[in-house]
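# Report on the structure
These are the residues of each chain, in order.
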Amino acid sequence: MKLDATDLRYVTSDEFRVLTAVEMGSKNHEVVPTVLIAQISGLRNGGVNKLIGSLAKRNLVSKVQNAKYDGYRLTYGGYDFLAMRAMSKRDTMHSVGNQIGVGKESDIYIVADAEGKEMVLKLHRLGRISFRAIKEKRDYLGKRKSASWMYMSRLAAQKEWAFMKVLHEHDFPVPRPIDQARHCLLMEFIDAYPLRQIAEVPSPGKLYSTLMDLIIRFAHSGLIHGDFNEFNILIRRETGEPVVIDFPQMVSTSHPNAEWYFNRDVECIRTFFRRRFRYESALYPRFKSTLSEDGVKTGDFRLDVMVAASGFKQKDMKALEDYMETVKTDGESSEDVSEEEGSDDSSEEDEEDEALRQDQASGAQEVPNPAPDSEDEAELSESSKLSTLSRSPPRSRPDSPVSDENSAAIPAMNIVKERVAAEVSKTRAQQLRKFHSKRNTRRAGRSQGSKAKQDNRVKLDKSGVWD
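Residues numbered from 1 in each chain as written. Predicted model: local features only at pLDDT ≥ 70, side-chain atom pairs only at ≥ 80, totals over all residues. Heavy atoms only, no water.

Rules: UniProt positions are given in the numbering used here, feature names are shortened, and annotations may be inferred rather than shown by experiment.
As recorded in an unreviewed UniProt entry, the protein goes by the name Serine/threonine-protein kinase RIO2, listed as coming from Favolaschia claudopus. In its Cofactor (unreviewed entry) section, the UniProt record describing the protein reads: "Mg(2+)".

### Considering the overall build of the protein
The line we're drawing: We count a stretch as a helix when DSSP gives it H or I for four or more residues in a row; a strand needs E for two or more, and each element gets its number in order from the N terminus. Exposed residues in this analysis have more than 50% of their type's maximum accessible area, buried residues have under 20%, and partly exposed residues fall in between, with area computed by a 1.4 Å probe over protein chains only. The criterion used for residue contact is that any of the two residues' heavy atoms lie within 4.5 Å. The Shrake-Rupley method, run with a 1.4 Å probe sphere, supplies the accessible areas, and residue values consider only the shown protein chains as cover.
Per the secondary structure count, the protein includes 18 helices and 13 strands. Among the 467 residues that make up the protein, the fraction classed as buried is 41%. Contacts in the protein between residues at least 24 apart in sequence constitute 69% of all its contacts with a sequence separation of at least 6. Summing over all exposed atoms, the protein offers an accessible surface of approximately 27,600 Å²; the carbon and sulfur share of this is 50%.

### Digging into the packing of aromatic side chains
Just so we agree on the cut-off: Aromatic pairing here means that ring centres of Phe, Tyr or Trp (its six-membered ring) are within 6.5 Å. Orientation follows from the plane angle: under 30 degrees is stacked, over 60 is edge-to-face, and everything else is tilted. Geometrically, a charge over a ring is one whose NZ (Lys) or CZ (Arg) sits within 6 Å of the ring centre while staying within 35 degrees of the ring normal.
Scanning the model with the defined rule gives 8 aromatic pairs in all. Aromatic pair Phe172 and Phe218: ring centres 5.1 Å apart, planes at 15°, arrangement stacked. Of this pair, Phe172 sits in the loop between helix 6 (149-169) and strand 7 (177-181) while Phe218 sits in helix 7 (residues 204-220), and the two are 46 residues apart along the sequence. A centroid spacing of 5.6 Å and a plane angle of 75° characterise the contact between Tyr208 and Phe273, whose relative ring orientation is edge-to-face. A residue pair is termed long-range when its members are at least 10 positions apart, and Tyr208 in helix 7 and Phe273 in helix 8 (residues 258-276) qualify at 65 residues. By way of ring pairs, the aromatic residues Tyr208, Phe272, Phe273, Phe277 and Tyr279 are connected into one cluster. Seen from the ring of Tyr72, Lys63 lies directly overhead, with NZ or CZ sitting 5.0 Å from the centre.

### With respect to the pairing of strand 11 (residues 233-236)
Note the following rule: Whether two strands pair depends on DSSP finding at least two bridges between them.
As judged from the 3 bridges shared by strand 9 (residues 192-194) and strand 11, these two strands associate in the antiparallel manner. Following the sheet pairing, Ala192 is matched in strand 11 by Arg236. Direction of pairing for strand 11 relative to strand 12 (residues 242-244): antiparallel, over a ladder of 3 bridges. Across the sheet, the residue bridging to Ile233 is Val244, located in strand 12.

### Description of the environment of Leu211
By secondary structure assignment, the location of Leu211 is in helix 7. You can call Leu211 buried: its relative accessible area is 0%. Distance from Leu211 to Val244, taken between C-alpha atoms, is 9.6 Å for residues 33 residues apart in sequence. For Leu211, the residues in contact, after removing those within four places along its chain, are Leu195, Phe228, Ile233, Pro242, Ile269 and Phe273.

### Notes on the sheet that holds strand 5 (residues 106-112)
What counts here: To define axes, lines are fitted to C-alpha atoms, for helices over the stretch in contact only, and angles between the resulting N-to-C directions are given on a 0 to 180 degree scale.
Pairing is antiparallel across the open sheet formed by 5 strands, whose spatial order is 4-5-6-8-7. Two strands close off the open sheet at either side, each with one partner strand: strand 4 (95-102) and strand 7. The average angle at which neighbouring strand axes cross in this sheet is 25°, direction not considered. As judged from the 5 bridges shared by strand 6 (residues 118-124) and strand 8 (residues 184-188), these two strands associate in the antiparallel manner. Across the sheet, Lys122 pairs through a bridge with Leu185, a residue of strand 8. Across the sheet, helix 4 (residues 76-89) touches strand 4, strand 6, strand 7 and strand 8, and the angle it forms with strand 7 is around 130°. Where helix 6 meets the sheet, it contacts strand 6, strand 7 and strand 8, and its direction lies at approximately 160° from that of strand 7.

Printed below as a string of structure tokens:
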């Protein structure tokens with residue numbers, strides 16, 4: 001949903017009170033009953049109905065069709081208004097500008113404070129592509145039976161705020177965090193270009209070394225970015241120094257899949273430099289050797305421990321990590337998304353990716369991988385394994401023993417899977433109606449006009465002459 005802050009100035013305090021009541025009721029209800037909204041807001045029933053109608057016209061709440069009872073659901077537009085109102089009351093945000101970026105599950109806008117200083121507002125939109133990319137879904141909400149994507153968006157914003165604040169305090173090249181409310185994150189504006197938009201750099205080797213040193217510095221502090229690629233790296237316009245963004249998927253080095261995330265970050269940078277700048281280096285960091293230097297270079301502090309103590313709870317971290325692992329798009333799911341959206345903006349890098357995968361597949365079939373006999377061959381075999389790193393984190397074997405907790409969670413997982421399947425079928429039906437609802441499409445192949453006009457047989461005119 002695209003943000004439209006025009007009506008924000010016209011929403012009254014009573015309407016915000018009703019909107020807050022819908023948000024509070026969403027904690028335990030997918031569809032909040034109108035009676036409960038009136039009870040939470042503390043307003044009269046008739047006045048609540050009128051205010052809900054006004055909010056529904058602005059698409060801040062939506063009425064659910066074919067529900068068992070009369071109720072409403074909070075939309076992302078209403079959630080945006082609640083977050084921006086909280087920031088405006090703190091005097092951190094005064095005006096909203098244009099949209100400058102769109103991610104898989106986030107939107108980026110230019111905003112300004114009362115003095116006109118430009119800032120960046122990031123709105124998390126988890127769930128926008130999740131139902132199309134998801135294949136199996138865990139019960140990551142625990143006792144919460146409603147799959148609230150707004151709840152997960154708020155967790156993502158809180159996690160990114162906690163990590164960005166700690167990293168900025170320790171002089172990491174990250175944007176300066178300013179404020180956070182619900183699923184929105186406010187940070188400083190940096191005059192920079194994304195790395196994916198840069199065609200040439202004066203010294204690819206220097207930039208490559210800087211990025212690899214940054215990965216090592218993260219690991220020495222007990223952190224792994226988890227999505228360290230050309231989309232989440234900015235290059236400053238004046239100095240050419242890199243700036244790292246996007247931290248909801250950041251994990252600790254003590255994570256069970258920490259080595260896999262570390263190797264994927266390294267391989268993303270190596271692959272991009274090899275294709276874009278034709279630069280490839282035989283030197284790259286290894287996970288075990290990097291952690292072995294931890295006690296020598298870093299001292300006693302660990303940023304992952306500091307983030308855990310900053311207020312972002314461990315159960316929230318676990319819930320968000322389970323979500324990130326579940327909705328991580330692989331090659332097949334990304335192709336499904338592109339087919340549904342009908343996008344035809346395939347780049348040359350995608351073709352190079354496909355060619356490289358075919359080369360690697362053919363090479364794996366033709367040349368067997370013998371056991372290494374020396375250190376050089378060991379490094380070469382490690383490099384080949386790193387280049388063929390899968391896009392999804394390793395999972396447990398299906399024949400592994402199941403604990404009592406996992407066996408107890410199986411019914412809940414089945415319920416969530418059924419909901420996801422129903423949501424997928426509903427989304428596909430809506431898309432079919434969307435693309436086949438035009439009048440010309442509906443009338444394709446049908447006869448036009450009256451039967452007399454459609455008759456193509458040769459007829460005699462009034463004078464008896466053949467046409």
